[in-house]
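Observations on the model geometry
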Amino acid sequence: MNVARLNRVRIWDLPTRLFHWVLAVLVTGALLTAEFGAMAWHMRLGQATLVLLAFRLLWGFVGGRWSRFAGFFREPGHDWKGSASVLVMLAWLIAQVLSGMVADDEIMTAGPLRPRVSDGLSELGTHWHVAWGQWGVYALVVLHLVAVAWQVLRGRSLVMPMVTGDKELTEAAPASRDDLRSRLLALGLIALITCGYVVSIAA
Ligand code: HEM
Ligand code: HEM
């Protein structure tokens, strides 16, 4: 029997894994609260999503090797389909949170940036947010879950690496840095972004 020697390699650093699972909870929460009309909570979860996405953008430059955008499109982080779908999902979610910031239902709920933009821009944002934006988020999440399930069925589950951080590879590959210093850096970035957000927008 030919048994390939497997190398355990850290692919997803802890900040990327936490980003992922918190993002999944927040986006699901934002969709549910919008569906049930719990708009105060919708805007809280939406703004938390915005902060999280800003963190992921920065982490794409200073994070672990396989979380960097420069490392995308290269195995073993992602193949090109995985990389493209991640970038589309991140870009779409960014459009969703930004359009929400200026959205206005003209009854009782308006995004915190609504007073600072023109009526035209607010209308555009609202329209995007509740039409293309909303349906795109649903479609991308469903597609994502189908892709993950497909991999599971083919016996190549990517889910455990998103939990433990490690992939079992047949070839050697450099690991993502995931030590105390890089985790503290991530914590510092999140704290900075949150403070910056609260001071510039929510205050
Ligand atoms: C609303 C729900 C979800 C959203 C918005 C979402 C979003 C994302 C994003 C943006 C990434 C890229 C990670 C990065 O590099 O930053 C990703 C990767 C991943 N997600 Fe999700 N996710 C969701 C739910 C889930 C669920 C429920 C599972 C598993 C049961 C899952 C499994 C994975 C896996 C395995 C990867 C890594 C794929 C790979 O190795 O190429 N996701 N997801
Ligand atoms: C990923 C994050 C988000 C998702 C998935 C999302 C999704 C939705 C959905 C599905 C609706 C309901 C549309 C309808 O009534 O049919 C909605 C409405 C709304 N959202 Fe978001 N949203 C997000 C982020 C935000 C953010 C960050 C804000 C602002 C802080 C925001 C503010 C609003 C407002 C003001 C409305 C009411 C617009 C209207 O009904 O005309 N959303 N959102």
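Refer to the structure printed above.
Position numbers for residues start from 1 in each chain and track the written sequence from start to end. Chains carry letters and ligands carry numbers; both start at the beginning, A for chains and 1 for ligands, and go up in the order they are written. Confidence filtering applies because this is a predicted model: local features only for residues at pLDDT of at least 70, side-chain atom pairs given and counted only at 80 or more, and all residues used for totals across whole chains, interfaces and linings. Hydrogens and waters are ignored; side-chain quantities use all the structure's heavy atoms.

1. Examining the overall build of the chain
Looking only at helices and strands, the chain has six helices and two strands in total. Secondary structure elements are defined from DSSP: runs of H or I of at least 4 residues count as helices, runs of E of at least 2 residues count as strands, and each element is numbered from the N terminus. Counting from the amino terminus, the chain carries its helices and strands in the arrangement β-α-α-α-α-α-β-α. Along the three orthogonal principal directions, the C-alpha set of the chain runs to about 70 × 35 × 25 Å. Total accessible area on the chain is roughly 12,300 Å²; 71% of this is exposed by carbon and sulfur atoms. Per-residue accessibility takes into account occlusion by the displayed protein chains alone, with areas from the Shrake-Rupley method and a 1.4 Å probe.

2. Focus: a nonpolar patch on the surface
Residues enter a patch when their relative accessible area is above 30% and they make no salt bridge; the linking distance is 9 Å between like charges and 5 Å between nonpolar side chains (Val, Leu, Ile, Met, Phe, Trp, Tyr). Basic side-chain nitrogens of Lys or Arg form a salt bridge, by our definition, when they fall within 4 Å of a carboxyl oxygen of Asp or Glu. Together, Trp-21, Met-160 and Val-163 make up an exposed nonpolar region whose accessible area comes to about 300 Å². The residue Met-160 is located in helix 5 (residues 159-164) in this model.

3. Considerations on the site of ligand 2
What surrounds ligand 2 is a group of 23 residues, the closest being His-42, Gly-46, Gly-100, His-129 and Gln-134. In the environment of ligand 2, a nitrogen atom lies 2.8 Å from a nitrogen or oxygen atom belonging to the side chain of His-42. His-129 is positioned such that a nitrogen or oxygen atom in its side chain is 2.7 Å from a nitrogen atom of ligand 2. Those elements giving two or more residues to the shell around ligand 2 turn out to be helix 1 (14-35), helix 2 (39-62), helix 3 (80-102) and helix 4 (119-153). Classifying every residue of the shell around ligand 2 by side-chain character gives eleven nonpolar, ten polar and two charged. Being near a molecule or strand, for a residue, comes down to having at least one heavy atom within 4 Å of it. Nitrogen and oxygen atoms within 3.5 Å of one another constitute a polar contact, given that in protein one can donate a hydrogen and the other can accept it, and given that sequence-neighbouring residues count only through two side-chain atoms. When residue character is reported, Ala, Val, Leu, Ile, Met, Phe, Trp, Tyr, Cys and Pro are called nonpolar, Asp, Glu, Lys and Arg charged, and the others, Gly included, polar.

4. Description of the side chain of Ser-99
By the element assignment, Ser-99 lies in helix 3. Judged by its relative accessible area of 8%, Ser-99 falls in the buried class. Of note is the side chain of Ser-99, whose polar atom sits 3.1 Å from the side chain of His-129. Contact between two residues is taken to exist if any of their heavy atoms lie within 4.5 Å; hydrogens are not considered. Ignoring sequence-local partners within four residues, the contact set of Ser-99 consists of Gly-125, Trp-128 and His-129. Relative accessibility thresholds used throughout: buried, under 20% of the residue-type maximum; exposed, over 50%; partly exposed, between the two (1.4 Å probe, protein chains only).

5. Comments concerning the coordination of the iron atom of ligand 1
For the iron atom of ligand 1, the full set of protein donor atoms is His-20 (NE2) and His-144 (NE2), at a range of 2.0 Å. Coordination at the iron atom of ligand 1 comes from six donor atoms whose angles at the metal span 87 to 179°, giving a geometry best classed as octahedral. Here His-20 is found in helix 1, whereas its partner His-144 is found in helix 4, with 124 residues between them in sequence. The class for His-20 is buried, based on a relative accessible area of 18%. Judged by relative accessible area, His-144 falls into the partly exposed class, the value being 28%. Water is not part of the atom set, so a site may look incomplete; the donors themselves are N, O and S atoms within 2.8 Å of the metal, or 3.2 Å for Na, K and Ca. In these descriptions, tetrahedral denotes four donors with every angle between 85 and 135 degrees, square planar four donors and octahedral six donors with opposite donors over 155 degrees apart and the rest between 65 and 115, and irregular any other case.

6. Observations regarding the packing of helix 2 against helix 3
Comment: axis = line fitted to C-alpha atoms, over the contacting stretch for helices; angle = value between 0 and 180 degrees taken between N-to-C directions. Where helix 2 meets helix 3, the axes come as close as 10 Å, and the angle between the chain directions of the two elements is 140°. Between helix 2 and helix 3, the angle is such that the two are oblique. The two elements helix 2 and helix 3 cross, and the hand of that crossing is left-handed. Contacts between helix 2 and helix 3 pair Gly-46, Gln-47, Thr-49, Leu-50, Leu-53, Arg-56 and Leu-57 from the former with Leu-90, Leu-93, Ile-94, Val-97, Leu-98 and Met-101 from the latter. Residues that form the contact of helix 2 with helix 3 fall into these classes: nine nonpolar, three polar and one charged. Small angles under 35 degrees read as roughly parallel and large ones over 145 as roughly antiparallel, with 65 to 115 read as roughly perpendicular and the rest as oblique. Definitions for this section: a left-handed crossing has its near helix turned counterclockwise from the far helix by less than a right angle. A right-handed crossing has that turn clockwise.

7. A closer look at the packing of helix 1 against helix 2
The packing of two helices is summarised by the inter-axis angle and the distance between the axes. In the contact formed by helix 1 and helix 2, the axes pass within 9 Å of each other and the chain directions differ by 155°. By the angle between their directions, the pair helix 1 and helix 2 is classed as roughly antiparallel. As helix 1 runs across helix 2, the sense of the crossing is left-handed. For the pair helix 1 and helix 2, contact is made by Pro-15, Thr-16, Phe-19, Val-22, Leu-23, Leu-26, Val-27, Gly-29, Ala-30, Thr-33 and Ala-34 and by Met-39, Trp-41, His-42, Leu-45, Ala-48, Thr-49, Leu-52, Leu-53, Phe-55, Arg-56 and Trp-59, respectively. Class assignment for the residues of the contact of helix 1 with helix 2 results in 16 nonpolar, five polar and one charged.

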